[in-house]
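Geometric and topological summary
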Amino acid sequence: MTDIRYLAPRTLDEAVGAFAAARGAARILAGGTDLLVQMRAGAVRPGLIVDIKRIAEMTSIEETADGGFRIGAAVSGAVLGEHPRFGQVWPGVLEAVNLIGSTQVQGRASPGGNLCNASPAGDSVPAMIAADAVVTVQGPDGRRQMPVAAVPAGPGRTNLAPGEILVSFTLPPRPRGAGDAYLRMIPRTEMDIAVVGCGVNLTLRDGTCTAARVGLGAVAPTVLLVGEAGKALVGSRLDAAAIEAAAAACRAACRPIDDKRGTIAYRTRIAGVLLKRTVGIAADRAGRA
Amino acid sequence: MAKLHVSTTINGEPTEFLCEPSQSMLDVLRGPLGLTGSKEGCGSGDCGACTITLDGRLVCSCLVLAAEAQDREIRTIEGMAEGDRLHPLQQKFLEMAALQCGICTPGVLMAARTLLEQNPDPTETEARFWLAGNLCRCTGYDKIIRAVLDTAAEMREAAR
Amino acid sequence: MLKEPHVGAPRSRVDGRAKVTGEAKYAAEFPAPGLAHGHVVSGAIARGRITGIDTTAACAVPGVLEVFTHENRPRTAWFDYKHRDEVAPPGSPFRPLYDETILYSGQPVALVVAEDSGTARHAASLVRVEYEAGAHETDLLRAREDAYVPPKRRSGISPPPKPRGDAVAALAEAPLRVEAEYRIATEHHNPMEMHATTVVWEGGGKLTVHDKIQGVLNSQGYICNVFGLSKEDVRVVSPFVGGAFGSGLRPQYQLFLAVMAALALKRSVRVVLTRDQMFTFSHRPETINQVALGAAADGMLRAIRHDAIGATSRFEDHQEVVVNWSGLLYHCDNVELGYKLAQLDIHTPADMRAPGAPLGVFALESAMDELADKAGIDPLELRLKNYAETDENEGKPYTSKELRAAYRLGAERFGWSRRSAAPRSMREGRELVGWGLASGVWEAQMQQTSARAVLTADGRLEVATATADIGTGTYTILAQIAADAFGLPMESVTVRIGDSSLPKSPIEGGSWTAASAGSAVQAACHAVRETLFRHARGAEGSPLGNADLDHVAFVDGRIVLAADPDRGIGLIEAMRAGGAERIEHEQTASPDKANQKRYSSYTHSAIFAEVRVDEELGVLRVTCIVTAVAAGKILNPKTARSQVIGGVVWGMGMALEEETLADHRLGRFMNHNLAEYHVPVNADVHDIDVIFVEEQDSRTSPIGVKGLGEIGIVGTAAAIANAIHHATGKRIRDLPITLDKLLERPPAERAR
């Protein structure tokens, strides 16, 4: 029973050093809402648990000089929700993060963990992709940045190199007239995993959409950036035809599976419906912004 | 590798314990510490029966490593009443029959207390979503919600 | 002035304080010195045999005390019947670690016992098991071809009644016909408390056992039979049970394993199952119903046929009452009912809240809705038209039946008269609105039960019986009944239950506990009262003179003349006068056999449901339920209302969410956790209104009670399904009604 070690370093360098030295036998503990379940089920038995919640950079939220945000990878949903400004600037990202599990899970679970768990149904990921968020990772060879969409490699797998730790998310500054939103479809009213999740981030200028990004979850092995959907919206006044074209692009992008929560046909159809509704909310927010 | 020595505060009392690195806070509460008021309903964060607060933050203790409690403050159901005096939520749950078998009850009470600390005047919908992570198989939830909303009203009245 | 009695008044749970403070101790929470912990290793195949178990690695983990398998387990009773518990169905009970045979997926194949639970859990993951798999079948739709009428009936379960009239001919001639198949998925009980047993080794071969069980005597009898122990050496103490809903009627395998290990290791042992393992024993059997209704053009029923096939295991014939309800809920002269079982490679199903009834009633009440549609008659009117005044299955009158009043009161409260008849005709914003109704029915029963009452000279009263409180409120209603017998405050009464050393009680189930244990406690209290009354009358200068017991009342701790309440004598004074330090009586209450022969006894309900459907997404909310229940006397409106609302939410789960899905290739249930097996959450629930219909019933039990544990769920799924049809025009006959079933479209459209 005693061949597992627990480490709660105070600095990132220390964490990276220990994590890399363990050569794959280590696991990062952020909120623990996936790791402890996996350990309990016997699915993983790490030689080393690196608790990153005592590292300031991993647990802080900063507004950057240019008006963007930098969110530590281990910031919990509850803490993000309490930030005075973040939810005003990125309401869609916040509502996505706050849909990860129950109130109790929100007290622990982080967008960083949600991304690294690499579930195709992770709620925060489509919204982060729509937001064009970039992550900073640090490993034995130093720091690098990569877009959120590039992190998941498949269900449960990421493109982080051995020894690399996800440090933070950077969200870009917002132009005027920008708005984002996230909607998901679940069978139960709460406490459920997305059957389809849709994040939309768009900018309106004088009623015309000048930029749009669409992230779609739970319809493929990884969360998708649906470029065609964004293109269908850009240049339009978000009229019915443009939105239907974007919905069609979402349906076309779907490569889902049949499972207990939903069939392929259901998921594909719902992707289009959710796109329409999410665009509606994002556009309202953009109009107000 | 030896067991970890953890110093923490539980319900206001400085507490020390030894734990395995992989042991959950719930296991330590229910095992060596003998605080069995926190229940295990799933071990995977799906039911909320093991709800405690960690530095005031609502968490499932089955999803917290015991080692993480170092220098933190934990509150459990055992600390909710002040001596013989029940917390208003506990009293109201009794009066309004908001409990049956009693397994979900401690977790629901812990979650409801945090709700009222943060939001003294929740709507029914807010209360239902806040408590969605606390599964109950007996009551059908209705009386739980009525009891929480009634307690909120009484506590607001008392605070005037 | 006589004070208001406790019975019938809303009283708070007497065990509530222990539960809101976390002090109440459940099976897994009793401490014991030197306690060892067992972790179960679950089998991986559905059928076949174990060809090898390698426990070397597990045994090598420091702290592991023993790994028990079929190869090294201690001897237990050889004969099959020794393993049968109080409520075992016909067949050969499952015997844990008996031999190398695998009967179902998830079967326990080893128990690892260690100094602490974490070590046991880890070591259990190191046990390597090799199997030789045989061909298995877990698909009821395939196995139905081999369904059979169970040759031996299960005790307490009525087989379908003999046919009356000629249903086949009447159906063929009927101007209106509804014929359809209705299915209900496998469900698991999932009480919030995991099944667990703590066996305390008391030395000298004596055991105190804390088991999660709905009847401590059932566990005690089972342990004694299986391990050859005497009842003096085995005491089962389970004062609190964290829900069970039927999963705790029969001793489950953790009890066997914990006792086995304790006896072998001669020390205290605890075995707690994981939530995954809660899916490896009892469940509600998947059931297929075929219903055919024939009616005249005006909706009068001419013929009812209802045939059901329920799943069972290869080793026991678990039977439920599924179809009989179709013969008694409505007046009909031509009825033919049939019930068969089909064997699968699964564990034996078990009774789960209102076993059988919600399955058969879902089918019947859906079919009635379809008939109302065809006949162009309001669904409520159709039911009133075909109202059964007597139990036509048995040709007996009812002890009481206020279903008509339930329909009326429920309809008024719900506003049923404002319903527009056509499906898809009610809409609000983006949502379609639908209203549906159904009837519910459950048998009202009483079982022979004994109880003891002890009045002591300090004015305290203790009542005791071996029954259980699984969250139902048994402690509270027994305290009310006992307190009323002496005019005492409830605080003066101590209720002891859940202990095998107490007077004999059946398992807690079937909604019979209030009627049975309540009547027994009342009988014991009345016996004490008689003795006390003799002392009181014998007191020097007794103000009671030679009044007899009928002419006095017990009020505020005094015995007073009913006609002149100012004249009386205190309970303590009366005891002193008789020189009695304590008065103790044990009594047994039994159902009235003559009444049982002459009458049928059922509880009834009328359920009205509103659903709102977002048709684009298939998302559905049950926004309102009104249920009107006729269940005889209501002992405590607070606990009663809880029981019914809880049942209603179970009905919502059955209608929309609950389903244990098997992967038939592996023969295994796949969604074995609370993330994937959906029970309703708080946010799923909206308005639920319970009406208790006034109903006098003096024949079911001496205290007028008919029981409430089951009635809330029966018919609720049908009411919701009927409301969904009204909202969407879609008739889903396959529970649960999940989103994709609601959205199913022609293949051409589906391909988009």
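Not measured: the values here are computed from a predicted model. (Residues numbered from 1 in each chain as written. Chains lettered and ligands numbered in written order. Predicted model: local features only at pLDDT ≥ 70, side-chain atom pairs only at ≥ 80, totals over all residues.)

**Remarks on the overall build of chain A**
- Within chain A one finds 11 helices and 14 strands.
- For chain A, the C-alpha radius of gyration of 19 Å lies close to 19 Å, the compact-globule estimate for 289 residues.
- Across its three principal axes, chain A shows a C-alpha extent of roughly 60 × 45 × 35 Å.
- Expressed as a percentage of its 289 residues, the buried residues of chain A come to 58%.
- Within chain A, contacts between residues at least 6 apart in sequence are counted, and of these 64% link residues at least 24 apart. (Helix = DSSP H or I, 4+ residues; strand = E, 2+ residues; numbered from the N terminus. Rg over C-alpha atoms; globule rule 2.2 N^0.38 Å. Buried ≥ 20, exposed ≤ 12 C-beta atoms within 10 Å, placed from the backbone. Contact = placed C-beta atoms within 7 Å.)

**Things to note about the overall build of chain B**
- Secondary structure assignment for chain B yields five helices and five strands.
- Secondary structure elements of chain B, listed N to C terminal, follow the sequence β-β-α-β-β-β-α-α-α-α.
- In summary, chain B has a C-alpha radius of gyration of 16 Å against a globular reference of 15 Å for 160 residues, a match within 12%.
- Considered along the principal axes of its C-alpha atoms, chain B spans approximately 50 × 35 × 25 Å.
- The buried share of chain B, taken over its 160 residues, is 66%.
- Sequence separation of at least 24 residues holds for 59% of the intrachain contacts in chain B that already meet a minimum separation of 6.

**Here's the deal with the domain arrangement of chain A**
Residue and element names in this part refer to chain A.
- On domain assignment, one finds that chain A holds domain 1 (5-119 + 134-171) and domain 2 (178-288).
- Here domain 1 and domain 2 have C-alpha centroids that lie 25 Å from each other.
- In this complex, domain 1 contributes 12 residues to the contact, which on the side of domain 2 involves 13 residues.
- The leading source of residues in the side of domain 1 that touches domain 2 is helix 5 (residues 91-97), at five residues.
- Classifying every residue of the side of domain 1 that touches domain 2 by side-chain character gives eight nonpolar, three polar and one charged. (Domains from an automatic or database assignment. Nonpolar A, V, L, I, M, F, W, Y, C, P; charged D, E, K, R; others polar.)

**A look at the nonpolar core**
Residues and elements named next belong to chain C.
- Counting 413 residues, the largest nonpolar core has Val112, Val259, Val463 and Ala482 as the members making the most contacts within it.
- With 12 residues, the single largest contributor to this core is helix 13 (residues 513-538).
- Dropping the residues within four chain positions of it, alanine 482 is found in contact with Ala453, Leu461, Val463, Val493, Val521 and Cys525. (Core = buried A, V, L, I, M, F, W, Y, C linked by C-beta atoms within 7 Å.)

**Focus: the sheet that holds strand 4 (residues 61-63) of chain A**
All names here are of chain A.
- The five strands are arranged 4-5-10-6-7 in an open sheet whose pairing can be described as antiparallel. Two strands close off the open sheet at either side, each with one partner strand: strand 4 and strand 7 (142-147). Averaged over all adjacent pairs, the angle separating strand axes in this sheet is 20°, with direction ignored.
- As defined by bridge partners, strand 4 adjoins strand 5 (residues 69-72) across three bridges and the pair is classed as antiparallel. From the neighbouring strand, glutamate 62 faces strand 5, where its bridge partner is arginine 70. (Pairing = 2+ DSSP bridges. Axes fitted to C-alpha atoms, helices over the stretch in contact; angles between N-to-C directions.)

**A word on helix 13 of chain C**
- The terminal C-alpha atoms of helix 13 of chain C, which comprises 26 residues, lie 37 Å apart, in line with the 38 Å expected from a rise of 1.5 Å per residue.
- Helix 13 of chain C sits mainly inside the fold: 20 of its 26 residues count as buried. (Expected span 1.5 Å × (residues − 1).)

**Comments concerning the interface of chain A and chain B**
- Each side of the interface is counted separately: chain A has 25 residues, and chain B has 25 residues.
- Looking at the side of chain A that touches chain B, the elements with two or more residues in it are strand 1 (5-7), helix 2 (35-40), strand 3 (48-51) and helix 6 (103-106) of chain A.
- Of the residues belonging to the side of chain A that touches chain B, the class tally is 11 nonpolar, eight polar and six charged.

**Notes on the packing of helix 16 (residues 637-656) of chain C against helix 17 (residues 716-728) of chain C**
Residues and elements named next belong to chain C.
- Contact geometry for helix 16 and helix 17: axes closest at 8 Å, N-to-C directions at 55°. Between helix 16 and helix 17, the crossing angle belongs to the class labelled oblique. For the crossing formed where helix 16 meets helix 17, the hand is right-handed. Across the interface between the two elements, Val648, Gly651, Met652, Met654 and Ala655 from helix 16 touch Thr716, Ala717, Ile720 and Ala721 from helix 17.
- For the contact of helix 16 with helix 17, the class distribution of residues is seven nonpolar, two polar and no charged. (Parallel < 35°, antiparallel > 145°, perpendicular 65-115°, else oblique. Left-handed = near helix turned anticlockwise from the far one by under 90°.)

**Some details on the environment of valine 323 of chain C**
All names here are of chain C.
- Within the fold, valine 323 resides in the loop between strand 13 (301-312) and helix 8 (325-328).
- Measuring from C-alpha to C-alpha, the distance between valine 323 and aspartate 687 comes to 31 Å, with 364 residues separating the pair along the chain.
- If we ignore the near neighbours within four places in the chain, the residues touching valine 323 are Pro160, His306, Asp307, Ala308, Leu337, Gly338, Tyr339 and Gly360.

**Some points on the interface of chain C and chain B**
- Contacts between the two partners involve 43 residues from chain C, matched on the other side by 46 residues from chain B.
- At seven residues, the largest contribution of residues to the side of chain C that touches chain B is made by helix 16 of chain C.

**Considering the domain arrangement of chain B**
All names here are of chain B.
- Taken domain by domain, chain B consists of domain 1 (4-79) and domain 2 (88-159).
- When each unit is reduced to the centre of its C-alpha atoms, the spacing between domain 1 and domain 2 is 22 Å.
- Contacts between the two partners involve 13 residues from domain 1 and, on the opposite side, 11 residues from domain 2.
- Looking at the side of domain 1 that touches domain 2, the element that brings in the most residues is strand 3 (residues 51-54), giving three residues.

**Brief notes about the sheet that holds strand 6 (residues 128-133) of chain C**
- Sheet architecture is open: three strands sit in the order 4-2-6 (chain C), paired in antiparallel fashion. Both edges of this open sheet fall to strand 4 (101-102) and strand 6 of chain C, since each of them pairs with a single strand only.

**Section: the environment of threonine 700 of chain C**
Residue and element names in this part refer to chain C.
- Relative to the elements of secondary structure, threonine 700 occurs in the loop between strand 28 (687-692) and helix 17.
- Counting along the chain gives 301 residues from threonine 700 to threonine 399, while the straight-line C-alpha distance between them is 6.8 Å.
- Leaving out residues up to four positions away in the same chain, threonine 700 has contacts with Thr399, Ala444, Met446, Ala515, Ser601, Gly632 and Lys706.

**Notes on the packing of helix 2 (residues 88-95) of chain B against helix 5 (residues 142-159) of chain B**
Residues and elements named next belong to chain B.
- In contact at an axis separation of 9 Å, helix 2 and helix 5 are set at 130° when each is read in the N-to-C sense. The angle between the axes of helix 2 and helix 5 places the two elements in the oblique class. When you trace helix 2 past helix 5, the crossing you get is right-handed. Within the contact between the two elements, helix 2 uses Pro88, Leu89, Lys92 and Phe93 and helix 5 uses Ala147, Asp150, Thr151, Glu154 and Met155.
- Residues that form the contact of helix 2 with helix 5 fall into these classes: five nonpolar, one polar and three charged.

**Here's the deal with helix 5 of chain B**
- An ideal rise of 1.5 Å per residue puts 26 Å on 18 residues; helix 5 of chain B measures up with 26 Å between its terminal C-alpha atoms.
- Among all positions in helix 5 of chain B, only Asp142, Lys143, Ile144, Ile145, Ala147, Val148, Thr151 and Ala152 of chain B are buried.

**A closer look at the environment of lysine 730 of chain C**
Residue and element names in this part refer to chain C.
- Tracing the backbone shows lysine 730 in the loop between helix 17 and strand 29 (734-735).
- Since 18 C-beta atoms lie within 10 Å of it, lysine 730 is described here as partly exposed.
- Excluding residues that lie within four positions of it along the chain, lysine 730 makes contacts with Ile724, His725 and Leu742.

**As for the pairing of strand 7 of chain A**
Residue and element names in this part refer to chain A.
- Strand 7 sits mainly on the outside: zero of its six residues count as buried.
- Inspection of the sheet shows strand 6 (residues 134-139) paired to strand 7 by six bridges, in the antiparallel sense. From the neighbouring strand, valine 134 faces strand 7, where its bridge partner is proline 147.
- Following strand 6, the chain reverses through two residues before pairing antiparallel with strand 7.

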